[in-house]
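# Report on the structure
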Amino acid sequence: MLLGLMAAALIGVGFVAQQHAAYTEPLAEILHIRLLLHLMRKPLWRFGIGAMVGGQILGALALRRAGVAQIEPLLATNLIFALAVSALVYQERLGRGE
């Protein structure tokens, strides 16, 4: 169970890191290969990729130790981790709806 939660946390952090790095790119770059080339040079974006890969590896290890029915709901909490981290990064307060 702990591996599943750690995996979800890494995946959530990775999502936010990648999106934050991409957020700083010009809108004209969207849907161009140049965007990917620029992002590959950014350490934050590479950290996000690494965090997500690490999360997937931990998720696979968790699945080896427990069943899918136990681990997959934990992995889905990556969205909750991403929401919390993005609120910290963008300095926004989470309301009751979130």
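Residues numbered from 1 in each chain as written. Predicted model: local features only at pLDDT ≥ 70, side-chain atom pairs only at ≥ 80, totals over all residues. Heavy atoms only, no water.

### As for the overall build of the chain
Basically, it comes down to this: Helix and strand assignments come from DSSP, with helices taken as H or I runs of at least 4 residues and strands as E runs of at least 2, each series counted from the N terminus. For each residue, the accessible area found with a 1.4 Å probe, counting protein chains only, is set against the maximum for its type, and the residue is called buried under 20%, exposed over 50%, and partly exposed in between. Working rule for contacts: check all heavy atoms of both residues, and any pair within 4.5 Å makes them a contact.
Counting secondary structure elements, the chain contains 5 helices and 0 strands. Secondary structure elements in the chain, listed N-terminal to C-terminal, are α-α-α-α-α. Counting only C-alpha atoms and orienting by the principal axes, one finds that the chain spans roughly 45 × 35 × 20 Å. Taking all 98 residues of the chain together, 30% fall into the buried category. Residue pairs in contact within the chain that sit at least 24 positions apart in sequence constitute 72% of those at least 6 positions apart.

### What to know about the environment of His 38
For clarity, the threshold we go by: Counted as a polar contact is a pair of N or O atoms within 3.5 Å, where, for protein atoms, one must be capable of donating a hydrogen and the other of accepting one, and residues adjacent in sequence contribute only when both atoms are in side chains.
Along the chain, His 38 turns up in helix 2 (residues 33–40). Separated by 17 residues in the primary sequence, His 38 and Ala 21 have C-alpha atoms spaced 9.9 Å apart. In contact with His 38, other than residues within four places in its own chain, are Glu 25 and Glu 29. A polar contact is formed between the side chain of His 38 and the side chain of Glu 25, at a distance of 3.3 Å.

### Side note on the pattern of salt bridges
Side chains that differ in charge, positive against negative, can pair when their charged atoms come close. The criterion, for reference: We define a salt bridge as a contact between a side-chain nitrogen of Lys or Arg and a carboxyl oxygen of Asp or Glu at a distance within 4 Å.
A full pass over the atoms with the stated rule returns 1 salt bridge. For Lys 42, the salt bridge goes to Glu 25, with nearest N and O atoms at 3.0 Å. Of this pair, Lys 42 sits in the loop between helix 2 and helix 3 (43–65) while Glu 25 is found in the loop between helix 1 (2–23) and helix 2, placing the two residues 17 residues apart along the sequence. Residue classification places Glu 25 among the buried positions, given a relative accessible area of 12%.

### With respect to the packing of helix 1 against helix 5 (residues 78–89)
Filter applied, for reference: Convention adopted: a line fitted to C-alpha atoms gives each axis, helices being fitted over their contacting stretch, and angles between N-to-C directions are expressed from 0 to 180 degrees. Reported orientations rely on four angle classes, namely roughly parallel under 35 degrees, roughly antiparallel over 145, roughly perpendicular from 65 to 115, and oblique for the rest. By convention the crossing between two helices is left-handed if the near helix lies anticlockwise of the far one by an angle smaller than a right angle, and right-handed if it lies clockwise. In this count, Pro and Cys sit with the nonpolar residues alongside Ala, Val, Leu, Ile, Met, Phe, Trp and Tyr, while Asp, Glu, Lys and Arg are called charged and the others, Gly among them, polar.
Across the interface, helix 1 lies against helix 5 with an axial gap of 7 Å and an inter-helix angle of 45°. Taken together, the axes of helix 1 and helix 5 are oblique relative to one another. Considering how the two elements wind past one another, helix 1 and helix 5 form a crossing that is right-handed. Facing Leu 5, Ala 8, Ala 9, Ile 11, Gly 12, Val 13, Phe 15, Val 16 and His 20 of helix 1, the residues of helix 5 in contact are Asn 78, Phe 81, Ala 82, Val 85, Ser 86 and Val 89. Of the residues assigned to the contact of helix 1 with helix 5, the class counts are 11 nonpolar, 4 polar and no charged.

Any functional reading would require information that these geometric values do not contain.
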